[in-house]
Amino acid sequence: MRLFILTSSKFTIPRPLLCQKVLDIIELGLRSAQIHFYIVGDHLPEPLVLLEQNTDAVTIIKEIAAERLIKEVTNASIIHFGANLKGSDPFPHYFIPLTHPSFSRGLSMINKWSLSRNFKNYLKKSVATYAINDWATIFLKNKYKGYSTKIQ
């Protein structure tokens, strides 16, 4: 199985937090010999680059190359923090929200509305949405009651 982890996001997420979550996901998945990880992104921090150099099951790939590769594979899943990968619609998507648009300061009403709409679309499209702690789980289940069965 190929697991594409998208390191870009439409939401404002501190880079070290996003990097740590990617490392956590890969650390858990390395126990399975059947998974190959594709870290999709540009200008990645050193820990992710070192992980690729030291692990055969991890490949760093740019977004354009990932879009080409996703068209050629049949067994892929997408993990993202609020991003899309063109051509990945046939595959299962797993959304890990690390922030919510309502917590963004300094945005216009239209930008907040647009980000909120994107957030809801990510919830709708995902097979599962993974909250990073109990507080986030409760917040998301209360705010998006229609999707509470997807939120874990």
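Structure: see above.
Now for a quick tour of the structure. (Residues numbered from 1 in each chain as written. Predicted model: local features only at pLDDT ≥ 70, side-chain atom pairs only at ≥ 80, totals over all residues. Heavy atoms only, no water.)

**Here's the deal with the nonpolar core**
- Counting residues in each nonpolar core, the largest one holds 31 residues, and the members touching the most others are Ile5, Val22, Ile26 and Phe81.
- Those elements giving two or more residues to this core turn out to be strand 1 (2-6), helix 1 (15-29), strand 2 (36-40), helix 2 (46-54), helix 4 (109-125) and helix 5 (134-143).
- Among the elements that take part in this core, helix 1 stands out by supplying 6 residues, more than any other.
- Not counting residues up to four positions away in its chain, the partners in contact with Phe81 are Ile5, Leu6, Ser9, Phe11, Ile13, Leu18, Lys21, Val22, Ile25, Phe95, Ile96 and Leu98.
- Counting residues in each nonpolar core, the second largest holds 14 residues, with Val40, Ile70, Ala76 and Ile78 among its members. (Core = buried A, V, L, I, M, F, W, Y, C linked by side-chain atoms within 4.5 Å. Buried < 20%, exposed > 50% of the residue type's maximum accessible area, 1.4 Å probe, protein only. Helix = DSSP H or I, 4+ residues; strand = E, 2+ residues; numbered from the N terminus. Contact = heavy atoms within 4.5 Å.)

**Concerning the pattern of salt bridges**
- A full pass over the atoms with the stated rule returns 3 salt bridges.
- The salt bridge partner of Asp24 is Lys21, with a shortest N-O separation of 3.7 Å. Of the two residues, Asp24 and Lys21 are both situated in helix 1; the distance of 3 residues between them amounts to about one turn of the helix.
- What makes Lys21 partly exposed here is its relative accessible area of 22%.
- Here Asp89 ties to Lys125 by a salt bridge, and the two come within 2.6 Å at their closest N and O atoms. Placement of the pair is Asp89 in the loop between strand 4 (76-80) and strand 5 (93-95) and Lys125 in helix 4, with a sequence separation of 36 residues. (Salt bridge = Lys/Arg side-chain N within 4 Å of Asp/Glu carboxyl O.)

**Regarding the environment of Met1**
- Note on placement: Met1 falls in the segment before strand 1.
- Each C-alpha atom of the pair Met1 and Ile78 lies 11 Å from the other, and the pair is 77 residues apart in sequence.
- Ignoring anything within four residues of it in the chain, the contact list for Met1 reads Gln34, Ile35, His36, Asn75 and Ser77.

**Things to note about unusual backbone geometry**
- Positive phi, normally seen in glycine, also occurs at His43, with a value near 50°.
- Among the structural elements, His43 can be located in the loop between strand 2 and helix 2.
- The exposure class assigned to His43 is exposed, which follows from its relative accessible area of 75%.

**Quick notes on the pairing of strand 1**
- Burial analysis of strand 1 places 4 of its 5 residues in the buried class, which makes it a mostly covered element.
- Pairing of strand 1 with strand 2 involves 5 bridges; the strand directions are parallel. Each bridged residue has a counterpart across the sheet, and for Arg2 the counterpart in strand 2 is His36.
- Handedness of the strand 1-helix 1-strand 2 crossover: right-handed.
- Relative to strand 4, strand 1 runs parallel, the two being bridged by 4 bridges. Looking at strand 4, one finds that Arg2 is bridged to Ala76. (Pairing = 2+ DSSP bridges. Right-handed = clockwise from strand over helix to strand, strands pointing away.)

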